[in-house]
Amino acid sequence: ALCRAAGDLANAAHAEFMLSWTHGYRGDCVAAEAHAQAALALVAQSPNPTNRTFAEVGLLLSHLFRGQFAVALAAGERARASGVAAEDDGLASFGGTFLSFAALLSGDAAQALAFAERAMAEAPTDYFRGWASAFLAAALTRLGRVAEALPVLESAAALARRSGHIAGYIVIAVPLLEARLVAGDLE
């Protein structure tokens, strides 16, 4: 509200996509979707590829957590396309990483792996490679390649935890838990 009042639409969009992610992680996917849509409306008035990509990922999460896989996948495609259009490999990789997450949760581990591999190839920094590698490893687990997946997930989860990225840790801890269970580590 403060950013809107000041005419700062870019930071208003940033605040809206952050609210989208926050509500999504808390399980209020209706509010998450509303905030993502508000962010996208602001981006239409004040174009910004980062805000567009992250708002589309917020929209992806709001649908993904409700099992609306086709809509989530479409938002992931738009998130990645935003980065590609901006010629920003980091944004393209980030959008592609969450596209991989949507494919994984929709049950298509092979497609999730392909999306994650592309996101890894596009990733310009360790931050983006870290996210992409975690979802690549999650897809490997679902494809029965848990021995390859476990060290990657252990490393990604430890990094997220050490850095204080709680939401990131939770997102990575779930596939780590799955990989440990598949490997027979019940403790």
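So, how was this worked out
- Residues numbered from 1 in each chain as written.
- Predicted model: local features only at pLDDT ≥ 70, side-chain atom pairs only at ≥ 80, totals over all residues.
- Heavy atoms only, no water.
- Helix = DSSP H or I, 4+ residues; strand = E, 2+ residues; numbered from the N terminus.
- Rg over C-alpha atoms; globule rule 2.2 N^0.38 Å.
- Buried < 20%, exposed > 50% of the residue type's maximum accessible area, 1.4 Å probe, protein only.
- Contact = heavy atoms within 4.5 Å.
- Areas by Shrake-Rupley, 256 points an atom, 1.4 Å probe, with all protein chains shown as cover.
- Lys, Arg positive; Asp, Glu negative; His and termini not counted.
- Charge placed at Lys NZ, Arg CZ, Asp CG, Glu CD.
- Patch = residues over 30% accessible without salt bridge, like charges linked within 9 Å, V, L, I, M, F, W, Y side chains within 5 Å.
- Salt bridge = Lys/Arg side-chain N within 4 Å of Asp/Glu carboxyl O.
- Polar contact = N/O pair within 3.5 Å; in protein donor to acceptor, adjacent residues only side chain to side chain.
- Axes fitted to C-alpha atoms, helices over the stretch in contact; angles between N-to-C directions.
- Parallel < 35°, antiparallel > 145°, perpendicular 65-115°, else oblique.
- Left-handed = near helix turned anticlockwise from the far one by under 90°.
- Nonpolar A, V, L, I, M, F, W, Y, C, P; charged D, E, K, R; others polar.
- Core = buried A, V, L, I, M, F, W, Y, C linked by side-chain atoms within 4.5 Å.

Novice: Explanation requested: the overall build of the protein in the structure shown.
Specialist: Looking only at helices and strands, the protein features ten helices and zero strands. Helices and strands in the protein line up, N terminus first, as α-α-α-α-α-α-α-α-α-α. For 187 residues, the compact-globule estimate of 2.2 N^0.38 gives 16 Å, and the C-alpha radius of gyration of the protein, at 16 Å, lies within 12% of that figure. Counting all 187 residues of the protein, 45% fall into the buried class. Once local pairs closer than 6 in sequence are excluded, the contacts in the protein between residues at least 24 apart make up 56%. Accessible surface computed for the protein: about 8,800 Å², of which carbon and sulfur atoms make up 59%. Counting 13 positive and 18 negative side-chain charges, the protein places the centres of these two groups 3 Å from one another.

Novice: Where do I start with a nonpolar patch on the surface in this structure?
Specialist: On the surface, a nonpolar cluster with roughly 300 Å² of combined accessible area is contributed by Ile166, Ile170 and Val174. For isoleucine 170, the location among the structural elements is in helix 10 (residues 166–182).

Novice: Just to check I follow, could you spell out the pattern of salt bridges for this structure?
Specialist: A side chain with one charge may pair with a side chain of the opposite charge, provided their charged atoms come close. Tallied over the full model, the rule gives eight salt bridges. Note that arginine 4 and glutamate 16 form a salt bridge whose closest N and O atoms lie 3.1 Å from each other. Of the two residues, arginine 4 sits in helix 1 (residues 2–5) while glutamate 16 sits in helix 2 (residues 9–26), which places them twelve residues apart along the sequence. Among the ionic pairs, arginine 66 bridges to glutamate 33, the shortest N-O distance being 2.7 Å.

Novice: Quick question: what am I supposed to make of the side chain of glutamate 122 here?
Specialist: Mapping glutamate 122 onto the fold places it in helix 7 (residues 109–122). Among the polar contacts listed, one links the side chain of glutamate 122 to the side chain of arginine 80, at a separation of 2.3 Å. Not counting residues up to four positions away in its chain, the partners in contact with glutamate 122 are Arg80, Asp89, Ala92 and Ser93.

Novice: Teacher, can you tell me more about the packing of helix 6 (residues 89–106) against helix 8 (residues 126–142) here?
Specialist: Packed helix pairs are characterised by how far apart their axes lie and by the angle those axes make with each other. With their axes 9 Å apart at the nearest point, helix 6 and helix 8 run at an angle of 20° to one another. The angle between helix 6 and helix 8 places the two elements in the roughly parallel class. Like other packed secondary-structure pairs, helix 6 and helix 8 cross with a definite hand, here left-handed. Touching Gly90, Ser93, Phe94, Thr97, Phe98, Ser100, Phe101, Leu104 and Leu105 of helix 6 are Tyr127, Phe128, Trp131, Ala132, Phe135, Ala138, Ala139 and Arg142, all from helix 8. Partitioned by chemical class, the residues of the contact of helix 6 with helix 8 number twelve nonpolar, four polar and one charged.

Novice: Help me understand unusual backbone geometry, please; the structure alone is not making it clear to me.
Specialist: Glycine aside, residues mostly have negative phi, and peptide bonds are mostly found in the trans state. Unusually for a residue other than glycine, glutamate 87 sits at a positive phi of about 55°. Relative to the helices and strands, glutamate 87 is located in the loop between helix 5 (69–85) and helix 6. On the basis of relative accessibility, which here comes to 72%, the residue glutamate 87 falls in the exposed class.

Novice: Looking at this structure, I do not really get the nonpolar core. What am I missing?
Specialist: What tends to happen in soluble globular proteins is that the nonpolar side chains get buried as a cluster. With 25 residues, the main nonpolar core has Trp21, Val57, Leu60, Leu61, Phe94, Phe98 and Phe101 as its most contacted residues. For this core, the elements supplying multiple residues, two or more each, are helix 2, helix 3 (29–45), helix 4 (49–64), helix 5, helix 6 and helix 8. Of all the elements, helix 4 adds the most residues to this core, at seven residues. When sequence neighbours within four positions are dropped, the list of residues in contact with tryptophan 21 reads Phe54, Val57, Gly58, Leu61, Phe94 and Phe98.

Novice: Can you walk me through the environment of valine 152 in this structure?
Specialist: Of note, valine 152 is situated in helix 9 (residues 146–163). Note: C-alpha distance between valine 152 and alanine 134 (18 residues apart in sequence) is 6.5 Å. Setting aside chain neighbours within four positions, we find valine 152 in contact with Ser133, Ala134 and Ala137.

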